[in-house]
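# Chain and residue survey
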Amino acid sequence: MEAIEKIKEVAAQAMSGAKVEIINSTPAAQQPALLVDREHIYGVAKFFKEDPRFQMDFCSCVTAVDYPAKADKPGCIEVVYHLYSVAQKHGPLVLKVRAPREIDLCRVPSLTPLWRGCEFQEREAYDLFGVKFDGHPDLRRILMWDEFTDHPMRKDYVPPPDYEWEPTPHDETLDRAIQEGGITPPTAREELEKEKAKKK
Amino acid sequence: MAVDEGLKSELQKQGVFILPFEQLYNWGRKSSIWPLQFGLACCAIEMIASAASRYDLARFGAEVFRATPRQADLMIVAGTVTKKMAPQVARLYNQMPEPKYCIAMGACAISGGPFKDGYNVLKGIDRFVPVDVHIPGCPPRPEALIHAIMTLQRKIANQHLDKEQRPRWYDKNAASEYPIPAFGEHDLQPPANRDLWEPPRHYRDVTLDEVKKA
Amino acid sequence: MIQPLTEEKRYTLTPGSEGLIETQTLEVSIGPQHPSTHGVFRMDCTLDGETVVALKPVMGYLHRNHEQLAERMVWLGSMPYTDRLDYFCSMTNNWAYALAVEKLTGIKVPERADYIRVIMSELTRLQNHTCVIGFMLQDLGAWGTPLLYAFRERERILDVFEAVSGSRMMCNYMRFGGVRVNMTENDLAAAKDIVARYPRFLDEFEKLLTTNEVLLMRTQRIGVLPKELAINASITGPMARASGVEYDVRKVDNYGVYGRFDFRVPVGDAGDVYDRYYVRVLEMRESIKILQQALRDIPQGPHIAPEVKLRNFKIPPGDGYGRIEAPKGELGFYLVSDEGGKQPYRYHVRPPSFINLTTLEDMCLGHKVADVVIILGSIDIVLGEVDR
């Protein structure tokens, strides 16, 4: 396959108005990705599928990554597509698309009409991250039960307060054990007793 | 009524056996335990391997793995029980007729195992179902499963039929069906069956208020 | 003499009786506990009599949030968890993860380690395909005989795994840059012994199965998957190759030292259950060829790249996708590393079994309920991988 800069130009030419950027990966990996904006991702993906130079007829992996907001960057959820070609045996071509993190605004066009293999993987991204895919034939939860309301793979997910009291709890488990359970594990008990002894 | 040992052996040579009815009853039950074909995850493969030719489980009476809980005596919970699956496990246990036993095979069935920190992992099947034998290991070797079946056989052999010491299933008033959890918005409702399972003892004793008061 | 298949006669209503017979569709939920599912997998079938009208797979009964656990551990810490993904084939899962990390960091693996990896991977493929055929025939009603034969051979291979890595199933053997322990001469001799005996076992297996009339009648023209749908639905592995897709990651990506071995990739044409069975048999024979060459040519040398640190292993920020040809299909790992570099920021497994289930409904429509079970068996799913 050609160099990523050339691919970017070809894609930008083919879909007028598309904003395409290159995101590099580690120096050893040599797997740069094309970041496309939400409005044009379907068109760009369709172009790569049908153009005879690329013929990316095989969508191998679809996943989502959660980037919470930081001081300099707004938060986003990034959906990543890895495309390969069975006809020409080349690849991977990595496409990325970003959506805002808020639950109601987190929508991305679905690429399931182009590649049927995206169906289950997009459902999983919806289940675990909360990304809604417009145009998906059957978007519902796949791994968690239907009544579940959270999106567990997000970075700000808080697990329910049912967790095993460990023999030697530490860090978060210890804090939660004291706050929510009202229970003092033995190590904390010793420290409290030391404090009492000091006060006396 | 204790029978003289010498008399017993003389009669045995003639082909006459004298033993308490309880022993006969338990011998019949322990030598023909039929497990339920119920493998959840990796431990299920070791369960199948222990039923295969090298570690033959049929020698111990577990001749056929029944597909339906209505015909099975033993439920070997082999593998991680997730919260999505927990109601089905409880339902299957309820559908088994008494006397029924449960073996928790592998670290995941005992306490959640390596996946203990999971949002979907039930931290031990003994939260909803009474467990008779626990087998540690990840996965336990087939020999460990055979050892567990033998332990269960010893446990069955020691069960009494008389009024004071009879087991749960012989008691008309004891429950043989356990409540099935429902799917809640964040977790199972209830997260554990408090009649069967309590968090480990030594944290429940002391509450923070008590310590601060003292 | 094998008779050719005749056209199935559909039940036809007598003329003039349309509208007099009222039927209802029946919704049956097969699973999650059922003797013929390969783990806790549920299928909601809508049946018209015995014919399947709709089928919705329901999964998640073994969702153990492997991906979230990996975000809390260091890179090497999730290697034992990869064993538990496809719990039949722990060696190939380990290799896929090690390959993805090596791709991100550019670690060079020494030759002997690569040969050991190929040997372990092909042994895994042998025992996986044998057991899959055993399970499929168990579902067909052969009630355990092929399964017991399969497990007899699998036990011999597991002995080698135990001698090499210490555990029968959850081997945790591969490390970034090589393998954990070197293979001794005893282990190589044991592997050579297995490879020498396997063709005879395969011949015996095939004599009983490949031309078996019952197998032919029950599996030919059942669960047909057309080639275009296979490519479009991202089907990989023996299931895709049985439909005519000539794609084997070992040949396309040439990872490890697979480029040095002379082996063919069997491709079917009908895409039905029988083809998937036969493609696996042929793949076993090719694996034996690879094993013979690898065991003959394995060089001496280190078993792990010496510059790889086991503690404080860091990966520069970036993301990457590494994949191998696991026995079930293309197993890939997508890893994202952030500035800290010590823990994965995002760790995603591309599971072949999960994606191969996409076309389950398409393949089952119009067939009977008993065929659904066989079609599921021929897809070869493992729930640890489907649900992660």
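Structure shown above.
Throughout this document, residue positions are counted from 1 along each chain, in the order its sequence is written. Whichever chain is written first is A, and whichever ligand is written first is 1; the rest continue in order. Under the rules for a predicted model, residues below a pLDDT of 70 receive no local features and side-chain atom pairs below 80 are neither given nor counted, while totals for whole chains, interfaces and linings still include all residues. Side-chain numbers come from the whole structure's heavy atoms, not from hydrogens or water.

Time to look at the overall build of chain C. Scanning chain C for helices and strands turns up 15 helices and 8 strands. Burial status follows relative accessibility: with a 1.4 Å probe on protein chains alone, a residue under 20% of its type maximum counts as buried, one over 50% as exposed, and anything between as partly exposed. Per-residue burial for chain C yields a buried fraction of 63% across its 388 residues. Contact between two residues is taken to exist if any of their heavy atoms lie within 4.5 Å; hydrogens are not considered. Long-range pairs, those at least 24 residues apart, make up 72% of the contacts in chain C between residues at least 6 apart in sequence. For the accessible areas, the method is Shrake-Rupley and the probe is 1.4 Å, while residue cover comes only from the protein chains on display. Element-wise, carbon and sulfur atoms account for 52% of the exposed surface of chain C, whose accessible area totals about 14400 Å². Under the DSSP-based scheme used, a helix requires at least four consecutive residues in state H or I and a strand at least two consecutive residues in state E, with every element numbered from the N terminus.

Let's shift gears to the overall build of chain A. Helix and strand content of chain A: 5 helices and 7 strands. Reading chain A from its N end, one meets helices and strands in the order α-β-β-α-β-β-β-β-α-β-α-α. Here the analysis covers contacts within chain A between residues at least 6 apart in sequence; of these, 50% occur between residues at least 24 apart. For chain A, the computed accessible surface area is about 9300 Å², with 51% contributed by carbon and sulfur atoms.

Residues and elements named next belong to chain A. Strand order in the open sheet formed by 5 strands is 1-2-5-4-3, with mixed pairing between adjacent strands. Every interior strand has two partners, whereas the edge strands, strand 1 (20-23) and strand 3 (58-67), have only one. Across the sheet, the axes of successive neighbouring strands diverge by a mean angle of 25°, strand direction being ignored. By the convention used here, strands pair only if DSSP detects at least 2 bridges between them. Across 3 bridges, strand 2 (residues 33-36) lies against strand 5 (residues 93-99) in parallel orientation. Looking at the pairing, L34 lines up with L95 of strand 5. Interaxial angle, 0 to 180 degrees, is taken between N-to-C directions of lines fitted to C-alpha atoms, where a helix line uses only the stretch in contact. Lying over the sheet, helix 1 (residues 4-14) contacts strand 1, strand 2 and strand 5, oriented at roughly 160° with respect to strand 1. This element, helix 3 (residues 118-129), spans strand 3 and strand 4 (76-84) of the sheet and lies at about 10° to strand 3.

Okay, the pairing of strand 2 (residues 42-48) of chain C next. Residue and element names in this part refer to chain C. With 5 bridges connecting them, strand 1 (residues 26-30) and strand 2 associate as antiparallel partners. Looking across to strand 2, one finds that L26 is bridged to L47. Examined bridge by bridge, strand 2 and strand 3 (residues 51-58) share 7 bridges and lie antiparallel to one another. Bridge assignment links C45 to a residue of strand 3, and that residue is L55. Counting the residues in the hairpin turn of strand 2 and strand 3 gives 2 residues, including G49, whose phi is positive at 75°.

Each partner contributes to the interface: chain B provides 35 residues, whereas chain C provides 31 residues. Two parts placed together each lose some accessible area under a 1.4 Å probe, and adding up what both lose gives the buried area. Carbon and sulfur atoms make up 62% of the surface buried where chain B meets chain C, a total of about 3100 Å² over both sides. The salt bridge criterion pairs a side-chain nitrogen of Lys or Arg with a carboxyl oxygen of Asp or Glu, the two atoms within 4 Å. Taken together, the connections running from chain B to chain C amount to 4 salt bridges. Ionic pairing is found between E46 of chain B and R168 of chain C, a salt bridge with its closest N-O pair at 2.9 Å. Counted as a polar contact is a pair of N or O atoms within 3.5 Å, where, for protein atoms, one must be capable of donating a hydrogen and the other of accepting one, and residues adjacent in sequence contribute only when both atoms are in side chains. Seen at the junction of chain B and chain C, the total is 11 residue pairs in polar contact (both at pLDDT 80 or more). If you list the elements that add at least two residues to the side of chain B that touches chain C, you get helix 3 (42-51) and helix 4 (86-95) of chain B. Of all the elements, helix 3 of chain B adds the most residues to the side of chain B that touches chain C, at 6 residues. Under the scheme applied here, ten amino acids are nonpolar (Ala, Val, Leu, Ile, Met, Phe, Trp, Tyr, Cys and Pro), four are charged (Asp, Glu, Lys and Arg), and all others, including Gly, are polar. Here the side of chain B that touches chain C is built from residues that sort into 22 nonpolar, 8 polar and 5 charged.

Topologically, D57 of chain A is positioned in the loop between helix 2 (41-50) and strand 3. Charge counting treats Lys and Arg as positive and Asp and Glu as negative, with His and both chain ends excluded. No salt bridge is formed by the buried D57 of chain A. Its closest oppositely charged neighbour is K49 of chain A, at 8.5 Å. At 2.9 Å, the side chain of D57 of chain A forms a polar contact with the backbone nitrogen of V86 of chain A. Ignoring any residue separated from it by four or fewer positions in sequence, one finds D57 of chain A in contact with Y84, S85, V86, A87 and W115 of chain A together with I231 and N232 of chain C.

Residue and element names in this part refer to chain B. Read from one edge to the other, the open sheet built from 4 strands follows the order 1-2-3-4, with strand pairing classed as parallel. At either end of the open sheet lies a strand with only one pairing partner, and these are strand 1 (35-36) and strand 4 (133-135). In terms of strand pairing, strand 3 (residues 101-105) meets strand 4 through 3 bridges, oriented parallel. In the strand pairing of strand 4, I103 is matched with V133. Sheet contacts for helix 3: strand 2 (74-78) and strand 3; angle to strand 2, the most-contacted strand, approximately 130°.

With 47 residues of chain C in contact, the opposing surface of chain A contributes 45 residues. Both faces considered, chain C and chain A share a buried interface measuring about 3700 Å² in area, 56% of it formed by carbon and sulfur atoms. By the criterion of area lost to chain A, the three top residues of chain C are N232, Y321 and Y345 of chain C, representing 16% of everything that side buries. Taken together, the connections running from chain C to chain A amount to 4 salt bridges. Here the side of chain C that touches chain A gets 5 residues from one element, more than from any other, and that element is strand 6 (residues 318-326) of chain C. Grouping the constituent residues of the side of chain C that touches chain A by class yields 20 nonpolar, 13 polar and 14 charged.

Quick look at the packing of aromatic side chains now. Centre-to-centre distance and the angle between the planes together describe a pair of aromatic rings. All names here are of chain C. Only the six-membered ring of Trp is used, alongside the rings of Phe and Tyr, when aromatic pairs are assigned; centres must lie within 6.5 Å, and planes under 30 degrees apart are stacked while those over 60 apart are edge-to-face, with the rest tilted. A complete count under the given rule lists 31 aromatic pairs over all chains for this structure. Summarising the aromatic geometry, the rings of Y258 and F261 are spaced 6.5 Å apart at their centres and angled 80° between planes, so their arrangement reads as edge-to-face. Residue classification places F261 among the buried residues on the basis of a relative accessible area of 5%. Ring plane angle 40° and centroid distance 6.5 Å describe the contact between Y277 and Y278, whose orientation is recorded as tilted. An aromatic cluster is present here, built from W95, Y115, Y255, Y258, F261 and F263 joined pairwise through their rings. Only when the NZ atom of a Lys or the CZ atom of an Arg is both within 6 Å of the ring centre and within 35 degrees of the ring normal do we say a charge sits over the ring. Above the face of the Y149 ring, R152 is positioned so that its terminal group lies 5.1 Å from the ring centre.

All names here are of chain B. To count as a disulfide, a pair of cysteine sulfur atoms needs to be within 2.5 Å. Within this structure, the stated rule accounts for 0 disulfides over all chains. You can see C138 has no disulfide; the closest cysteine sulfur is in C108, sitting 5.5 Å from it. Using a relative accessible area of 34% as the deciding quantity, one classes C138 as partly exposed.

Attention shifts here to helix 3 of chain A. Residues and elements named next belong to chain A. The terminal C-alpha atoms of helix 3, which comprises 12 residues, lie 16 Å apart, in line with the 16 Å expected from a rise of 1.5 Å per residue. Here helix 3 lies mainly inside the structure; 12 of its 12 residues are buried. Buried within helix 3 are the following residues: C118, E119, F120, Q121, E122, R123, E124, A125, Y126, D127, L128 and F129. G130 sits one or two residues past helix 3 and shows a positive phi near 90°. Multiplying one less than the number of residues by 1.5 Å gives the expected span of a helix.

Our next topic: helix 6 (residues 185-209) of chain C. Residues and elements named next belong to chain C. Counted at 1.5 Å a residue, the expected span for helix 6 with its 25 residues is 36 Å, and the 36 Å between its end C-alpha atoms agrees. Working definition for bend: take the seven residues up to and ending at a residue and the seven starting at it, fit an axis to each, and measure the angle between the axes. Along helix 6, the sharpest change in direction is near 35° and occurs at Y198; proline P199 comes one to four residues later. Within helix 6, burial applies to D187, L188, A191, I194, V195, Y198, F201, L202, F205, E206 and L209. Buried positions along helix 6 lie against helix 4 (111-142), helix 5 (145-165), helix 7 (213-219) and helix 11 (273-297).

Moving on: the pattern of salt bridges. Under the defined criterion, the tally for this structure stands at 50 salt bridges over all chains. Put simply, R101 of chain A and D66 of chain A hold a salt bridge, and the shortest N to O gap is 2.7 Å. With R101 of chain A in the loop between strand 5 and strand 6 (107-109) and D66 of chain A in strand 3, this residue pair connects regions lying 35 residues apart in the sequence. Considered together, R101 of chain A and D66 of chain A belong to a single accessibility category, that of buried residues. A salt bridge links K96 of chain A to E78 of chain A; the nearest nitrogen and oxygen atoms lie 3.5 Å apart. Highlighted residues: K96 of chain A in strand 5 and E78 of chain A in strand 4, separated in sequence by 18 residues. The buried category is assigned to E78 of chain A, whose relative accessible area is 2%. Each of E122, R125, R241, D248, R250, E283 and E325 of chain C takes part in salt bridges that share partners, so that together they form one network.

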